[in-house]
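What follows is each chain in one-letter form.
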Amino acid sequence: MTRLEQFFSCLGSADLEGAGRMIEADAEFVAVRPDRDARLPLYGTFRGAGGLAEFCRGLASAFETQAFEIGDVVETGSLAYASGRFHHVVRATGLPFASDFAVRLRYRDGLITHYQFYEDTARLETAFGLVGRECAQ
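Not measured: the values here are computed from a predicted model.

1. Some thoughts on the overall build of the protein chain
So, point 1. Along its length, the protein chain carries 4 helices and 6 strands.
So, point 2. Compactness check: the protein chain gives a C-alpha radius of gyration of 15 Å against a globular reference of 14 Å for 137 residues, within 12% of the reference.
So, point 3. Seen through its C-alpha atoms, the protein chain measures out along the principal axes to roughly 45 × 25 × 25 Å.
So, point 4. Here the protein chain, with 137 residues, has 43% of them falling under the buried criterion.
So, point 5. Sequence separation of 24 or more characterises 48% of the internal contacts of the protein chain that already satisfy a separation of 6 or more.
So, point 6. A total accessible area of about 7200 Å² is found for the protein chain, and carbon and sulfur atoms account for 51% of it.
So, point 7. Mean positive and mean negative side-chain charge positions of the protein chain (14 and 19 charges, respectively) differ by 3 Å.

2. Re unusual backbone geometry
So, point 1. The backbone of Ala-14 shows a phi angle near 60 degrees, a positive value even though the residue is not glycine.
So, point 2. Structurally, Ala-14 can be placed in the loop between α1 (3-12) and α2 (16-20).
So, point 3. Of the residues examined, Ala-14 reaches a relative accessible area of 64% and is grouped as exposed.
So, point 4. A positive phi angle, near 55 degrees, is found at Asp-109, a position not held by glycine.
So, point 5. Positionally, Asp-109 belongs in the loop between β5 (96-108) and β6 (111-118).
So, point 6. Judged by its relative accessible area of 77%, Asp-109 falls in the exposed class.

3. What to know about the sheet that holds strand β4 (residues 79-90)
So, point 1. In spatial order, the strands read β2-β1-β6-β5-β4-β3; together these 6 strands make up an open sheet with mixed pairing. Of all the strands in the sheet, the pair left with one neighbour each is β2 (44-47) and β3 (63-75). Neighbour-to-neighbour, the strand axes of this sheet turn through a mean angle of 15 degrees, independent of strand direction.
So, point 2. Judged from the 5 bridges that link them, strand β1 (residues 23-31) and β6 form a sheet pairing that is parallel. Following the sheet pairing, Glu-28 is matched in β6 by His-114.
So, point 3. Its contacts with the sheet place helix α3 (residues 48-62) against β1, β2, β3 and β4, and it is angled at close to 35 degrees to β1.

4. Some thoughts on α1
So, point 1. When we look at burial in α1, the residues that qualify are Leu-4, Phe-7, Phe-8, Cys-10 and Leu-11. The buried residues of α1 occupy one face: seen down the axis, they fall within an arc of 155 degrees.
So, point 2. Looking one or two residues past α1, Ala-14 carries a phi angle of roughly 60 degrees, positive in sign.

Criteria and thresholds
- Residues numbered from 1 in each chain as written.
- Predicted model: local features only at pLDDT ≥ 70, side-chain atom pairs only at ≥ 80, totals over all residues.
- Heavy atoms only, no water.
- Helix = DSSP H or I, 4+ residues; strand = E, 2+ residues; numbered from the N terminus.
- Rg over C-alpha atoms; globule rule 2.2 N^0.38 Å.
- Buried < 20%, exposed > 50% of the residue type's maximum accessible area, 1.4 Å probe, protein only.
- Contact = heavy atoms within 4.5 Å.
- Areas by Shrake-Rupley, 256 points an atom, 1.4 Å probe, with all protein chains shown as cover.
- Lys, Arg positive; Asp, Glu negative; His and termini not counted.
- Charge placed at Lys NZ, Arg CZ, Asp CG, Glu CD.
- Pairing = 2+ DSSP bridges.
- Axes fitted to C-alpha atoms, helices over the stretch in contact; angles between N-to-C directions.
- Arc of directions from axis to C-beta.

Next up, the structure:
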């Protein structure tokens, strides 16, 4: 199992302590877009173990996860990339949100320093009921 897969395994089992041991103290987590938007709690940049916990709380409060599947994983000493697919139901709207995803992690001395997640933002904004309204740029 790669470090990326171990990290996702910790997140999937709500083992934030285990995930926290895999990151640097000032690790940066970018969720889709770097700037935060109150209407989409998953957009933004989060830092360190506290930021990781905040991000995970946002995921849990926003989504009821139906499926999360990792497909391809490529990992070198300092970089990891993965792709896959997920399916959630947005708790606030009851609407489905399914998307392919990609994620990139950077490592230093075996610890995650940077994490960036990419998904279909148009589908996310539709599932949150924001279609036809001004969304974060």
